[in-house]
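# Fold and contact review
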Amino acid sequence: MDTSRRDFFKISAMGGAAVSFLGFDLAPAYAQLQELKIARAQETRSICPYCAVGCGVLIYTIGDKAKNVTPQVIHVEGDPDHPTNRGTLCPKGASLHQDILNPRRLLKPEVRRPASDHWEDISWDQALDEIARRIKKTRDDTFVEKDTQDRTANRCEGFAWIGGCTDTNEFNYLVVKTMRSLGVTYIENQARV
């Protein structure tokens, strides 16, 4: 039997109409597929770290719980029982899985020295020492004790702080307190959805 392209589309359309008319629904099959995907995984409830909304997420991991084995994240989804988001996630929250498993994610501090053409790995202690030394030097050089009218100012205009949407609320709270104690006046937070 020779069927033309037009006949194929007619048969496909009639078959699709017949299936939908008879009530064939793929939703249970998709639900079963999702259940099989996470059948052996351990479910962990967490909070999305991206903004101040605090949406609930479910993180599914597979691991044998051995002492020196890090569980592997296999799926992240919104928590349907969470009162804030009721299972929905914004695009940032939906990309949480890729953020966790990104192969380009930095896991240790790196520094690019002046006139260098490459980045070098440094230890956390060395990174914290260098940051603290530079903050202290900048603050000492640019601290304003009195303004032009001889009023007490106690502010530092030599650097600014920009908080990110990937920072947790607790981290941003501590950073703002620290920056205020240093006298920093230029503080901004980019935690916007």
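A brief look at the structure comes next.

Each value, and the rule that gives it
- Just so you know, the residues in each chain are numbered from 1, in the order the chain's sequence is written.
- Per-residue local features are limited, in this predicted model, to residues with pLDDT of at least 70; the limit for side-chain atom pairs, both in listing and counting, is 80 or more; totals at the level of whole chains, interfaces and linings are taken over all residues.
- Side-chain calculation: all heavy atoms of the structure are included, whereas hydrogens and water are not.
- For our purposes a nonpolar core is just a set of buried Ala, Val, Leu, Ile, Met, Phe, Trp, Tyr and Cys residues, chained together by side-chain atoms within 4.5 Å.
- The classification of residues rests on relative accessible area computed with a 1.4 Å probe and restricted to protein chains. Under 20% of the type maximum is buried, over 50% is exposed, and intermediate values are partly exposed.
- Helix and strand assignments follow DSSP, with helices taken as H or I runs no shorter than four residues and strands as E runs no shorter than two, numbered in order from the N terminus.
- When checking whether two residues touch, look at their non-hydrogen atoms; a contact exists if any pair is within 4.5 Å.
- Note on pairing: DSSP must find at least two bridges between two strands before they are called paired.
- A fitted line through C-alpha atoms serves as each axis, taken over the contacting stretch for helices, and the angle formed by two N-to-C directions is quoted from 0 to 180°.

## What about the nonpolar core?
Of all hydrophobic cores here, the largest spans eight residues; its members are Cys-48, Tyr-50, Cys-55, Val-57, Ile-59, Val-73, Val-76 and Leu-96. Breaking this core down by element, the ones donating at least two residues are β2 (56-62) and β3 (72-78). Once residues lying within four places of it in the same chain are set aside, the contact partners of Val-57 are Thr-44, Arg-45, Ser-46, Ile-47, Cys-48, Val-76, Glu-77, Gly-78, Asp-79, Leu-89 and Leu-96. Judged by nonpolar contacts, the second largest core, of six residues, contains Phe-159, Val-175, Met-179 and Leu-182.

## What about unusual backbone geometry?
Not every positive phi belongs to a glycine, and Ala-115 is a case in point at roughly 65°. Using a relative accessible area of 90% as the deciding quantity, one classes Ala-115 as exposed. One non-glycine residue, Asn-154, adopts positive backbone phi at about 45°. On the secondary structure map, Asn-154 appears in strand β7 (residues 152-163). Exposure remark for Asn-154: the relative accessible area of 41% places this residue in the partly exposed category.

## Notes on the sheet that holds strand β8 (residues 184-189)
One open sheet holds the three strands; their spatial order is β6-β7-β8, and the pairing between them is mixed. Strand pairing shows two members of the sheet lacking a second neighbour, β6 (143-146) and β8, which therefore form its edges. Each neighbouring strand pair of the sheet contributes to a mean axis angle of 25°, computed without reference to strand direction. Where β7 and β8 come together, five bridges link them in parallel fashion. Along β8, the bridge assignment pairs Cys-156 with Val-184.

Any functional reading would require information beyond the geometric quantities listed.
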